[in-house]
Structures are given as structure tokens and as C-alpha cells.
Amino acid sequence: MTGFLAGAADYLPILMEGVVLTLVVTLFSVMISTGLGFVWAIMTWSRIPVLVWISRTFITVIRGIPIIVQLFYIYFVMPDIGINLTAVQAGIIGLGIAYSAYQAENFRAGIEAIDRGQIEAAHSIGMTDWLVMRRVIMPQAVRIVLPPFGNTIIMMLKDSSLVSTITVAELTRQGQLIAASTFDNMTVFTLVALIYLALSLPLTFLTRHLERRYSQS
Amino acid sequence: MISVQDIHKSFGTLEVIKGVSFDVAKGEVVCIIGPSGSGKSTILRCINGLETYNRGAILVEGTKVDPTDRSIIETRTQVSMVFQRFNLFPHRTAIENVMEGPVYVKGIKRNEARDQAAALLEKVGLGDKCDSHPGQLSGGQQQRVAIARALAMQPKAILFDEPTSALDPELVGEVLSVMRDVAAEGMTMVVVTHEMGFARAVADRVLFLESGTIVEQGPPKDLLRDPQHPRTKDFLHRVIHPME
Ligand SMILES: Nc1ncnc2c1ncn2[C@@H]1O[C@H](COP(=O)(O)OP(=O)(O)OP(=O)(O)O)[C@@H](O)[C@H]1O
Ligand SMILES: [Mg+2]
């Protein structure tokens, strides 16, 4: 135990540098996946055949490829066609795109849960599609989408560890580096695990709270 | 004011409207009756541009109803619709439901729209329910809010699609009496209904629709009391004597 605490004191400052990058990658990839996911969902909802086809195809392809392979693709293959990204940029974009497919499904489910009758009523008083989206669908869909959205953020926080494979020095990668030089695997990975848990638990509780709150009304 | 000219409408290979024509004059109340699946809802939905039609034309105040054109927004502000299942916005209060169109479609100031909405809710007998959510209201009350919502657009005509069919029998009267008041103020109305009493008392004209065509039409005192066509006779007999 004292060995653990002593080790922890040594390793924590370095691990915290990793935490900062983990949070940066998570935050920005959540933003990208949310924006893109919303775009895919709207394209599906539009019922305009080409748009529906594009979004369905994209989602199917993205969901069929492991995230780690997508990251390799963006970081190692893109330079061949002249797109050079830093590891952090590639990680954020890769994770953002990969998760946009899952976000799109969440959003689509939320939008489709709104009874069509209300949408017709909104149209019948002269609302444009955009107004219907903003005033009728969104306010109700948000309640439906928020709990799964919380779960997605938790998954993205954990899956941000995947970007360690393209050299981003986030939490997992820092842990690996320390462990490799100290051979203190036990202490290092216990710490890494506890830090992930500490980051995700608040989100887990918040999501549960939202689930309970919205299932009542 | 509304002119339906030989419209045809198919869903896939199924033709559900087979050449329907009628005109509705300003201030007139037209009731449409007919068996389930005869195309009554489809006709109203075409007039409101919620559904496209394949052939013919529908004119509202001389403007063609075209759901694929931007002008449909203008048409819909002139013709409101009341639905069988109310279709209120469940996340908004009664008064917000009524204000929604005036504020967001017509751009009327909130305060002004609120006063107007309160007056309309008062008129349909729900002055004390302004801040209730639809979930807290009975079916009859919800439908009256929906009528207030339609009136708030100050439309030139209102289309009603079986407005009392989803209601418990004891709640039908309150909705019909609000509709009668609206008619008495000179509103142009097209009402799909199974309430023959309402048609007899309020309609200027009744259309009997079957299998996508108008079989017979006329003033309620003729068509309902002394129908000419055997199909109309048969339908009315079944509505009035459902157990036989
Ligand atoms: N979106 C749709 N897709 C396919 N068929 C449809 C659609 N809407 C209506 N129909 C069909 O069109 C026909 C007419 O339907 P409509 O709803 O206009 O009848 P209705 O006279 O209003 O009947 P009801 O009294 O049951 O409301 C029916 O056969 C119905 O099954
Ligand atoms: Mg119908």
C-alpha cells in the first residue's frame, strides 16, 4: 500500500498531462460527432432520396469498420493524398467521425419518436420544416435523446484511449510509457483505471438522473 | 373560396380519389359523410396541402394548392385544420399551443398573441385552462384548444376531420357546440363527420362520398331525410340503425 502511494505520487503528475489530452480529445470529438450525427439524422429525416442514401451509406460503412482501423486510416493513409494531420487532430477527427454514426442513430430515434400528427398540425398552421424542427420536434426529442447521448459521451471518453495507438500521449499512452520504464504495471494501470472511473462516474450519475427524470413525464 | 376541380389521388396503384369536384362559398358549411376508407380525410388533407394529388386542381381564393411550392405556407395560414386526434403540442400549455402559429408563423408580438389566445380560449370555454398542458385536459377540452389554435390563425376557412370521433360520447356535445358557434360567426367550414345531428343543424350542404367519388350532394334536409341514391340510403340506414 505504501508502495502504491509512493508510486502514485511519482506518476500522477505525468498521468495528469495525459488526462488533459484525454479530455481535449473527448471534448472535441464529442462536438464533431454531435454536429455530424445531427446532419446525418436530418438528411435521413428529409426523405429526399439522395440525401437519405448518402447518410445511410455513410452510417453503414462507418459502423462496419473498427474505430482503430479508421484512426490508422486517417493518420497513416491520409498523408499519402496530401492531408497531413497531427496525431491529436487525426484522433479527434477519427473518433468524431466514427461516433457520428452512432449519434445519428440516437438522433434519428429521437426525431422519429415524435408523433406524426403533431408534425402535420404544425404544418397545417403554416410552419416551415425548419420551424417544425425547432419548435415541435427538437424540444421533445432532446428529452428522448439526452440519456443515450450521455451514454455515448461515456463511451467516447473510454474509447479516446484508442488514439494512444496513433501516438497521442493521452492517459492510456502515458500509463504505457511509465509502465514500460518502471515495470510498475500494478500501480500504473490501477491508477489509470481509477482516473477513467473518476472521469466517467459523474457522467454516469448525470445520465441516470436524466433517465429517471424524463421517464416520469 | 375553395374550389376542388376533378382531383384524382392514388397511393401506389390504389386510386382513392377518382375525380372529385365541389366548391365551397365564403361562409358556407359543407359536411362530408361517407363510409370508412372512402377518401374523406384524403380530400381534406389535399386541400390543406398535407397530401399531393395526381390530377385536377384545388384553388383557395384563386391560388392553386401546391404542396411542393413555397406558396403552400401562405395557403395553410388561410386554411386551418382540426384533426381527429387533436394533435396538440404536448410540451406546451394550452395558451402556448394557441399562440404558436401567430407568434412563429405570422410574427405577431408575444403580448398581443397572448391576449388574443386568452380571448379565444375564453370563447371555447377554457378560460381557466390556459396554463394546463394537453395531458391534463380531457379529450373534449383538447379538441376545443385545437379549435382555438385553428382560429388563432384568423383563417378564411377551417377543415375539420372527424373532430369528435376520438371522444367519449359525453364530450361530443361540448365540441359540436363550439363548432356551431364558429359556424354562426360566418366561418367557412368543411367538416368530415359521422354526427348527422350536427350536419342537419349546421350544414348548408352535405356531400356523400363513397369509393373516392361524390355519389350525391344537397342540402341536409333533402339528402339526410330523403336520399335519392340507393348507396346513400344504405349508408344512412346503417349509421342511424347500426344494430340491424
Ligand atoms: N398514406 C397512405 N398510404 C397508403 N394508403 C393510404 C394512405 N392514406 C390513406 N390511404 C388509403 O386511402 C383510402 C382513403 O383513406 P381516407 O383516410 O381518406 O379515408 P376516410 O374516408 O377518411 O376513412 P375514415 O372514415 O376511416 O377516416 C383508404 O383505403 C386508405 O387505406
Ligand atoms: Mg378519415
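Residues numbered from 1 in each chain as written. Chains lettered and ligands numbered in written order. Predicted model: local features only at pLDDT ≥ 70, side-chain atom pairs only at ≥ 80, totals over all residues. Heavy atoms only, no water.

Chemist: Which parts of the structure should I look at to understand the sheet that holds strand β9 (residues 205-210) of chain B?
Modeler: Consider a sheet: its strands pair through backbone hydrogen bonds, and that pairing is either parallel or antiparallel. Residue and element names in this part refer to chain B. Spatially, β6-β7-β8-β3-β9-β10 is the arrangement adopted by the 6 strands of the open sheet, whose pairing is mixed. Two strands lie at the open edges of the sheet, namely β6 (79-82) and β10 (213-218), each paired on one side alone. Adjacent strand axes in the sheet meet at a mean angle of 20 degrees, parallel and antiparallel pairs treated alike. Sheet strands in contact with helix α1 (residues 40-47) are β3 (29-33), β6, β7 (157-161), β8 (188-192) and β9, and its direction is about 150 degrees off that of β7. (Pairing = 2+ DSSP bridges. Helix = DSSP H or I, 4+ residues; strand = E, 2+ residues; numbered from the N terminus. Axes fitted to C-alpha atoms, helices over the stretch in contact; angles between N-to-C directions. Contact = heavy atoms within 4.5 Å.)

Chemist: Sorry if this is basic, but what is going on with the site of ligand 1 here?
Modeler: Residue and element names in this part refer to chain B. Around ligand 1 sit F11, V16, P35, S36, G37, S38, G39, K40, S41, T42 and E162, and that is every residue in its neighbourhood. At a separation of 3.2 Å, an oxygen atom of ligand 1 approaches a polar backbone atom of S38. Note that an oxygen atom of ligand 1 is positioned 2.6 Å from one of the side-chain N or O atoms of S41. Across the complex, the protein chains shield 59% of the 640 Å² of accessible surface that ligand 1 would expose by itself. (Near = heavy atom within 4 Å. Polar contact = N/O pair within 3.5 Å; in protein donor to acceptor, adjacent residues only side chain to side chain. Areas by Shrake-Rupley, 256 points an atom, 1.4 Å probe, with all protein chains shown as cover.)

Chemist: Would you mind showing me how to read the interface of chain B and chain A here?
Modeler: Much of the literature gives interface size as the accessible area that the parts lose upon coming together. Tallying the contact residues gives 22 residues for chain B and 18 residues for chain A. Of the roughly 1,700 Å² buried between chain B and chain A, counting both surfaces, carbon and sulfur atoms make up 60%. Counting the surface chain B buries against chain A, the share from its top three residues, F89, H91 and Y104 of chain B, is 28%. If you look at where chain B meets chain A, you find 2 salt bridges. In this structure, the salt-bridge partner of E120 of chain A is R45 of chain B, at a minimum N-O distance of 2.7 Å. Here chain B is connected to chain A by 7 residue pairs in polar contact (both at pLDDT 80 or more). Of all the secondary structure elements, the ones that give two or more residues to the side of chain B that touches chain A are α2 (71-78), β6 and α3 (94-104) of chain B. (Buried area = accessible area lost by both parts, 1.4 Å probe. Salt bridge = Lys/Arg side-chain N within 4 Å of Asp/Glu carboxyl O.)

Chemist: Before we go on, may I ask you to explain the sheet that holds strand β2 (residues 14-24) of chain B in this structure?
Modeler: All names here are of chain B. Spatial strand order, β2-β1-β4-β5: 4 strands in an open sheet with antiparallel pairing. Lying at the two open borders of the sheet, with one neighbouring strand each, are β2 and β5 (63-64). Pairing of strand β1 (residues 2-11) with β2, which is carried by 8 bridges, proceeds in the antiparallel orientation. Residue pairing across strands places I7 opposite V20, the latter belonging to β2. Packing against the sheet, α1 makes contact with β1, β2 and β4 (55-60), and its axis sits at approximately 60 degrees to β2.

Chemist: Hey, could you run me through the nonpolar core in this one?
Modeler: Nonpolar side chains in soluble globular proteins tend to end up buried together. I33, L121, I147, M179 and M189 of chain B are the most contacted members of the largest nonpolar core, which totals 51 residues. Of all the elements, helix α6 (residues 169-184) of chain B adds the most residues to this core, at 8 residues. Membership of the second largest hydrophobic core comes to 34 residues, among which are L71, A122, F149 and V163 of chain A. (Core = buried A, V, L, I, M, F, W, Y, C linked by side-chain atoms within 4.5 Å. Buried < 20%, exposed > 50% of the residue type's maximum accessible area, 1.4 Å probe, protein only.)

Distances and angles like these do not, on their own, reveal function.
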